[in-house]
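An overview of the molecular structure
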Amino acid sequence: MTGTILHLDIEGGFYGLVADDGTRYLPLDLDEAFQQNGLRVRFEAEPAQVLTLQQWGRPVRLTRIEAL
């Protein structure tokens, strides 16, 4: 999938990932190198069964990510 990294100033601030189809993901393991607001990426992710404080997007663990 492809999408865009966003920095959100909610719940103390965090990085989310919005796929091109509009699906919102909350990457639990986003490497610091990819923590750039507006960065376009190609990624693969697996669902993570966890509760989060952010209450935004689907929690996922990234299995692959690369900048476009």
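Okay, so let's go over this structure.

Reading guide: rules and limits
- Residues numbered from 1 in each chain as written.
- Predicted model: local features only at pLDDT ≥ 70, side-chain atom pairs only at ≥ 80, totals over all residues.
- Heavy atoms only, no water.
- Helix = DSSP H or I, 4+ residues; strand = E, 2+ residues; numbered from the N terminus.
- Buried < 20%, exposed > 50% of the residue type's maximum accessible area, 1.4 Å probe, protein only.
- Contact = heavy atoms within 4.5 Å.
- Areas by Shrake-Rupley, 256 points an atom, 1.4 Å probe, with all protein chains shown as cover.
- Lys, Arg positive; Asp, Glu negative; His and termini not counted.
- Charge placed at Lys NZ, Arg CZ, Asp CG, Glu CD.
- Core = buried A, V, L, I, M, F, W, Y, C linked by side-chain atoms within 4.5 Å.
- Polar contact = N/O pair within 3.5 Å; in protein donor to acceptor, adjacent residues only side chain to side chain.

On to the overall build of the chain, then. Along its length, the chain carries zero helices and five strands. The principal-axis extents of the C-alpha atoms in the chain amount to approximately 30 × 25 × 25 Å. Looking at the chain residue by residue over its 68 residues, the buried ones come to 32%. Of the contacts formed within the chain by residues at least 6 apart in sequence, a portion of 54% connects residues at least 24 apart. Of the roughly 4300 Å² of accessible surface on the chain, a fraction of 45% belongs to carbon and sulfur atoms. Seen as two clouds, the 6 positive and the 10 negative side-chain charges of the chain have centres 6 Å apart.

The next point concerns the nonpolar core. Proteins that are soluble and globular tend to have nonpolar side chains buried together. Ranked by size, the top nonpolar core spans 11 residues in total: I5, L17, A19, Y25, L30, F34, L39, V41, F43, V60 and L62. At the level of elements, β2 (14-19), β4 (40-47) and β5 (58-67) are the ones that each hand at least two residues to this core. The contacts of A19, once residues within four sequence positions are left out, are T2, G3, Y25 and F43.

Turning our attention to the environment of A19. Within the secondary structure, A19 sits in strand β2. Given the relative accessible area of 5%, A19 is considered buried. On a C-alpha basis, the gap between A19 and R58 in space is 11 Å, while along the polypeptide they are 39 residues apart.

In this section: the environment of E66. As for its placement among the helices and strands, E66 is situated in strand β5. Assessed through its relative accessible area of 30%, E66 is described here as partly exposed. Distance in space between the C-alpha atoms of E66 and T2 is 9.5 Å, their sequence separation being 64 residues. Leaving out residues up to four positions away in the same chain, E66 has contacts with F34, R40, V41 and R42. Among the polar contacts listed, one links the side chain of E66 to the side chain of R64, at a separation of 2.8 Å.

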